[in-house]
Amino acid sequence: MTSNQKFRRKDIDCLKGLAILAVVLYHMGILESGYLGVDLFFVVAGFLTVPKVTRQICGNQFSYVRYIWERVVRFLPAVLIGSVVCLAVGFVYWLPDDYENLAQSVIASTAFLNNVLSAITTRNYWDSVNDYKPLMHTWYLGVLIQFYLVFPLITLALNRSSRLLKTSSEHVIC
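**Concerning the overall build of the protein chain**
Part 1: When helices and strands are tallied, the protein chain shows 7 helices and 0 strands.
Part 2: Going residue by residue from the N terminus, the α and β elements of the protein chain occur as α-α-α-α-α-α-α.
Part 3: Taking all 174 residues of the protein chain together, the buried fraction comes to 29%.
Part 4: Long-range pairs, those at least 24 residues apart, make up 62% of the contacts in the protein chain between residues at least 6 apart in sequence.
Part 5: Accessible surface for the protein chain amounts to roughly 11700 Å². Of this, 66% is attributable to carbon and sulfur atoms.

Okay, here's the thing in structure tokens:
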């Protein structure tokens, strides 16, 4: 049994399963508010990430580069496969203007910035034009990776400033 399996929480797995089911039912048109499953995923990601990062920072075991690398390596293969498939299908079936938009989305998705591209171009996730963007839903990964990038930096800065301003044996973070 690996250490990851040893500490796996089945209650959290159930929550993630409910979130997946809600999102799938939403996209099938069955559950009107199923998009809230995405919010549940954000809460679970924060619930799992915050204590782990804080613990590692307090124990002086945190490597920002390793932390980011592990997260990107986990998501990037699926994004790349999805992007290649979309580019191949789009090359055969789409008009040049649509294919150009797809290429922009592929670049943004592989940089985990599709949420930024969407904010710049359509400014409205619910716009019907997004129905024709197969990588539109990678906005979630963009927000998640951006959280993974920013949260540890804030935690490191708070920890460092609390050590510099230390007047007692307690720190703000640790």
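**Re the nonpolar core**
Part 1: Counting 18 residues, the largest nonpolar core has F75, F112 and Y148 as the members making the most contacts within it.
Part 2: Those elements giving two or more residues to this core turn out to be α3 (36-58), α4 (64-93) and α7 (139-164).
Part 3: The biggest single contributor to this core is α7, with 6 residues.
Part 4: Beyond its immediate sequence surroundings of up to four residues, Y148 is in contact with A45, T49, Y64, Y67, I68, R71, R74 and F75.

**Some points on α4**
Part 1: Taking 1.5 Å of rise per residue, the 30 residues of α4 would be expected to cover 44 Å, and the 42 Å separating its terminal C-alpha atoms lies within 8% of that figure.
Part 2: Its axis deflected by about 35° at L76, α4 carries its strongest bend there, up to four residues before the proline P77.
Part 3: Within the sequence span of α4, burial applies to Y67, I68, R71, V72, F75, V79, S83, C86 and G90.

**Side note on the packing of aromatic side chains**
Part 1: Under the defined criterion, the tally for this structure stands at 10 aromatic pairs.
Part 2: Relative to Y140, the ring of F41 has its centre 6.1 Å away and its plane inclined at 65°; by these criteria the two rings are edge-to-face. Here F41 is found in helix α3, whereas its partner Y140 is found in helix α7, with 99 residues between them in sequence.
Part 3: Between F42 and Y140, the ring centres sit 4.7 Å apart and the planes meet at 40°, which makes this aromatic pair tilted. Placement of the pair is F42 in helix α3 and Y140 in helix α7, with a sequence separation of 98 residues.
Part 4: Given the relative accessible area of 17%, Y140 is considered buried.
Part 5: Its guanidinium or amino end placed over the ring of Y148, R71 lies 5.6 Å from that ring's centre, counting from NZ or CZ.

**A word on the pattern of salt bridges**
Part 1: The tally for this structure, following the rule as stated, stands at 5 salt bridges.
Part 2: As a salt-bridge pair, R9 and D11 come within 2.5 Å of each other at their nearest N and O atoms.
Part 3: For R9, a relative accessible area of 38% gives the class partly exposed.
Part 4: The exposure class of D11 is partly exposed, given its relative accessible area of 42%.
Part 5: A salt bridge links D13 to K16, with the shortest nitrogen-to-oxygen separation between them at 3.6 Å. Here D13 and its partner K16 are both found in helix α2 (residues 10-27), 3 residues apart, which amounts to about one turn of the helix.
Part 6: Here D13 falls in the partly exposed class, since its relative accessible area comes to 27%.
Part 7: Judged by its relative accessible area of 24%, K16 falls in the partly exposed class.

Parameters and conventions
Residues numbered from 1 in each chain as written. Predicted model: local features only at pLDDT ≥ 70, side-chain atom pairs only at ≥ 80, totals over all residues. Heavy atoms only, no water. Helix = DSSP H or I, 4+ residues; strand = E, 2+ residues; numbered from the N terminus. Buried < 20%, exposed > 50% of the residue type's maximum accessible area, 1.4 Å probe, protein only. Contact = heavy atoms within 4.5 Å. Areas by Shrake-Rupley, 256 points an atom, 1.4 Å probe, with all protein chains shown as cover. Core = buried A, V, L, I, M, F, W, Y, C linked by side-chain atoms within 4.5 Å. Expected span 1.5 Å × (residues − 1). Bend = angle between axes of the 7 residues up to and from the residue. Phe/Tyr/Trp six-rings, centres within 6.5 Å; stacked < 30°, edge-to-face > 60°. Lys NZ or Arg CZ within 6 Å of the ring centre and 35° of its normal. Salt bridge = Lys/Arg side-chain N within 4 Å of Asp/Glu carboxyl O.

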